[in-house]
Amino acid sequence: MEGQRTAAFLLLVLAMGSFQAAEAVNELKLDQALLNVQNHLSDNISLYYVSDYCYQCLYQSLVSLEPRSASGTANASVVVSTRFTLTLQVFAGTNTTTPLCRWSELFGEHGQYTVSVRSVPSEHNDSAISCSLSVDKDPVNGYIPLLVAAVVFLCATALYFLGIYTCKLRCTKNCLKAVTFKKHTSRIDAGPAADGSIADDKPKSRRLLSLDTFRGFALTVMVFVNYGGGGYWFFEHAPWNGLTIADLVMPWFVFMIGTSVALAFIALLKRGVTRLQLLRKITWRTIVLMVIGLFFLNYGPADGPLSWSWARIPGVLQRLGFTYFTIALMQTCFGKKIQDCKTVAWWAPVRDVVLYWPEWIVIGLLETLWLSLTFLLSVPGCLTGYLGPGGIGDQGRYPTCTGGAAAYIDKWLLGENHIFGHPTCKELYKTTVPFDPEGVLGTINSVLMAFFGLQAGKIILLYRKQPYSILKRFVVWAVLLGILSAILTKCSRDEGFIPVNKNLWSLSFVTTMSCFSFLVLGVMFYVIDVKHWWGGQPFIFPGMNSIFVYVGHSLLGSYFPFNWEMKSSDSHAEPLAQDLLGTSIWVLVAYFLFRQKFFLKI
C-alpha cells in the first residue's frame, strides 16, 4: 500500500510538471522558446547563459536544479530568448569556474527543447559528463507572415506599374480621350497622372519630388516601427552598438532637414525675404516644434495630465527643432545666393565646400567639442572616454556608466527624472540607470548629420542644370563617408575606435547614415526627377504632410483602428497585420489631404 501511494505521488508530481511545462508553452510570447532541463547527476547543477550579441557580458543564471532523486531525475523548465544566439554553460555543485559543458545555440521561436545532463561511461572506466540537446517540438517559422506581406506588396507594386504601362498604350489613350476627355481636363490637377507624375494645369513646379518621396518613405517606415513592426526584433532599435532598420529612420529625417533648408533658403531670398525675417521665421518654427514635442508627443491623452516632476525634456521633435535652428541660423548668417561659377576656376571641383568655408569652421568647432567632451570629460566612477552600455557589459566593470559622458551631461543639466528611463540596452545589458538617446551631447552630431544634408542641397543648387554631376557628387560624398566609417569602426560592430551607435549618435553613426542618405537620395533623384520613371507614390503624400502624420500617429497610436486587443499575440501574423493596417491608414489620410490641397506648415 505504501509503495502504491509513493508511485501515485510520483505520478502526480510528473503530471504537475507536465502541466506546468504545457502551461509555459501556452504562455510563450514572440521570440521565446521553452527549454526543459533534466539533471541525472547526484549533484546539483546550475545553467548560465549569455547572448552573443551582448558584448563582453557576464554570464547570467538561467536555472538551478537539485540532485536527482532515487526514483527519477530533477526537472525544470525555463523560457529563453530566440532573438540572438545564446552561449550556455553547465556547472556542478559550487564550482563556477570550470563548466561541465558549454555550447552555443540559436533557439527557434516557440520551439520546445530538452537538455539532459548525465554521466556516461568512458574508455578509462570512469564517468564523463554529457550534455545533450534534443528538440521536443519543432519551432515555428515566424518569418512567413513577413514573407506573405512582402509578396502582397510586390504584387501590388507590379499591378501599379502594369496599370501605368497600360495607360500609356495608344489604344488606351484613345479610348480614355473619347470617353472621359471633358471630365479628365476639368480635373487634371486632382492627383497623380497615369504616368506616375503629379499632373497640374499650372506651370511645372521645380519642387524636388525625390526629397518629398524620401521624407515620406522615412516617415512611413517610422510609423510602422513605432507601431511595433510586427513584433520582429530587427524593426526595433539596436540594444546598443550596431544598426537595425528602426535606426535608419531618424537620421534620414535629420539629413533631409539640412537639404530642405538649403532649397528653402534660396527660394526665400529670391522672393526678397530679409535675413531678419528669416531669423524670426526659424525662431518661431523651432519654438513650435519644441512645444509640440514637449507637451504633446511624449504623453498621449491616455497618460493623464503632464507633471513637471517626471516630464521628459529631450525628445525627437525637440532634437529636430534644435538641429533645424542651428543649421538654419548658419545658413542665415553665412549663406549666399547660388550663382553658377566658371568651371575653369581651380577650386571648381570643390566649390560646394569652398564657397561655404565659414560654415565648415563652425561644424569643425562643434565636432571638436563633441570629441573633447566624449573622450576627455572625467565622469565620476567611470572610465574616461567610455562609450559602453554599462550593466553587465565590459565584464561588469562599469555597471552604472551607461553612455559615459553623454549620460553624465544629461543628468547634470536636466536631472535623472527628466530623461528617458528605459533605454534600449536595459533588457540585454541589465542596466539600472536612465539614459536618453535624444540627449544634449548627441544633438551636436545631429547638427553634423543635418550639415551633410545641407551639403546635398547645395550640390543640387550648384549643379541644378547638370543632374548627372549631382549624382557624381553624391557618389563621391557617399564613398568618402563610407571610408571614414570603415576606419572609425574597423569594419566591426564593437571593436572599432568609435562604434556605430544610435543611442549616442556617435561620429561613425553619423558618417555611416550620411553615406546611406546620399545613396538613397541619389537613387530617388535619378529615378524620379531625372528619368521620371516614378512619381513617388504613395510615399510622396505623407512626405508632403510629415508634421501632420507624425503628430497624428503619435497621439492616436493606442486607439482603434491603429491598435486593438489581439487574440493571437503569440504569432507575428496579427501584430504585423495591425501595424501594416495602421501605417496604411496614415498613408491614405495623407493622400486624402493631398487631394484636398491641405498641407500642415509650421
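Coordinates for the structure precede this section.
Notes on the structure follow. (Residues numbered from 1 in each chain as written. Predicted model: local features only at pLDDT ≥ 70, side-chain atom pairs only at ≥ 80, totals over all residues. Heavy atoms only, no water.)

1. A look at the environment of proline 99
Under the convention used in this document: Each helix is a run of H or I in the DSSP string that is no shorter than four residues. Each strand is a run of E no shorter than two, and both are numbered from the N terminus. Summary of the burial criterion: residues with accessible area below 20% of their type's maximum are buried, those above 50% are exposed, and those between are partly exposed, where the area comes from a 1.4 Å probe applied to protein chains only.
Looking at the secondary structure, you find proline 99 in the loop between strand 5 (86–92) and strand 6 (101–105). Take proline 99: its relative accessible area is 29%, and that puts it in the partly exposed class. For the pair proline 99 and serine 46, spaced 53 residues apart in the sequence, the C-alpha separation amounts to 9.6 Å.

2. Notes on the side chain of asparagine 503
Our working definition: Polar contact criterion, stated in full: a pair of N or O atoms within 3.5 Å, where within protein one must be able to donate a hydrogen and the other to accept it, and residues adjacent in sequence count only if both atoms are side-chain atoms. By definition in these notes, contact holds between two residues if any of their heavy atoms fall within 4.5 Å.
Tracing the backbone through its elements, the reader meets asparagine 503 in the loop between helix 13 (467–489) and helix 14 (507–530). Polar contacts involving the side chain of asparagine 503 include one to the side chain of threonine 424, which spans 3.3 Å. Beyond its immediate chain neighbours, meaning those up to four positions away, asparagine 503 contacts Ala238, Pro239, Trp240, Thr424, Phe435, Asp436 and Pro437.

3. With respect to the pattern of salt bridges
Pairing between side chains becomes possible if they bear opposite charge and their charged atoms approach one another. Rules: Think of a salt bridge as a Lys or Arg side-chain nitrogen and an Asp or Glu carboxyl oxygen that are within 4 Å of each other.
Counted according to the given criterion, the structure contains eight salt bridges. Between arginine 83 and glutamate 236 there is a salt bridge, with its nearest N and O atoms 3.0 Å apart. Placement of arginine 83 in the loop between strand 4 (74–81) and strand 5 and of glutamate 236 in the loop between helix 4 (209–226) and helix 5 (249–270) is noted, with a sequence separation of 153 residues between them. For glutamate 359, the salt bridge goes to lysine 458, with nearest N and O atoms at 2.4 Å. Highlighted residues: glutamate 359 in helix 9 (residues 357–376) and lysine 458 in helix 12 (residues 440–462), separated in sequence by 99 residues. Look at the salt bridges and you will find they share partners, linking Arg312, Asp436, Glu438 and Lys502 into a network.

4. What to know about the packing of aromatic side chains
Counted only if it meets this: Stacked, tilted and edge-to-face are the three classes assigned to paired rings of Phe, Tyr and Trp, where Trp is represented by its six-membered ring and a pair needs centres within 6.5 Å; plane angles under 30 degrees give stacked, over 60 edge-to-face, the rest tilted.
A full pass over the atoms with the stated rule returns 34 aromatic pairs. With centroids separated by 5.0 Å and ring planes inclined at 85 degrees, the aromatic side chains of phenylalanine 224 and phenylalanine 235 adopt a geometry described as edge-to-face. In this pair, phenylalanine 224 sits in helix 4 while phenylalanine 235 sits in the loop between helix 4 and helix 5, placing the two residues 11 residues apart along the sequence. The class of phenylalanine 224 is buried, set by a relative accessible area of 11%. By relative accessible area, phenylalanine 235 is classed as buried at 11%. For the pair phenylalanine 562 and tryptophan 586, a centre-to-centre distance of 5.1 Å together with 10 degrees between the ring planes defines the contact as stacked.

5. What about unusual backbone geometry?
Residue proline 538 is bonded to the preceding glutamine 537 through a cis peptide linkage, with omega at 0 degrees. Mapping proline 538 onto the fold places it in the loop between helix 14 and helix 15 (540–544). The residue after phenylalanine 560, namely proline 561, is reached through a cis peptide bond having omega 10 degrees. With a phi close to 50 degrees, glutamine 56 is a non-glycine residue in the positive phi region.

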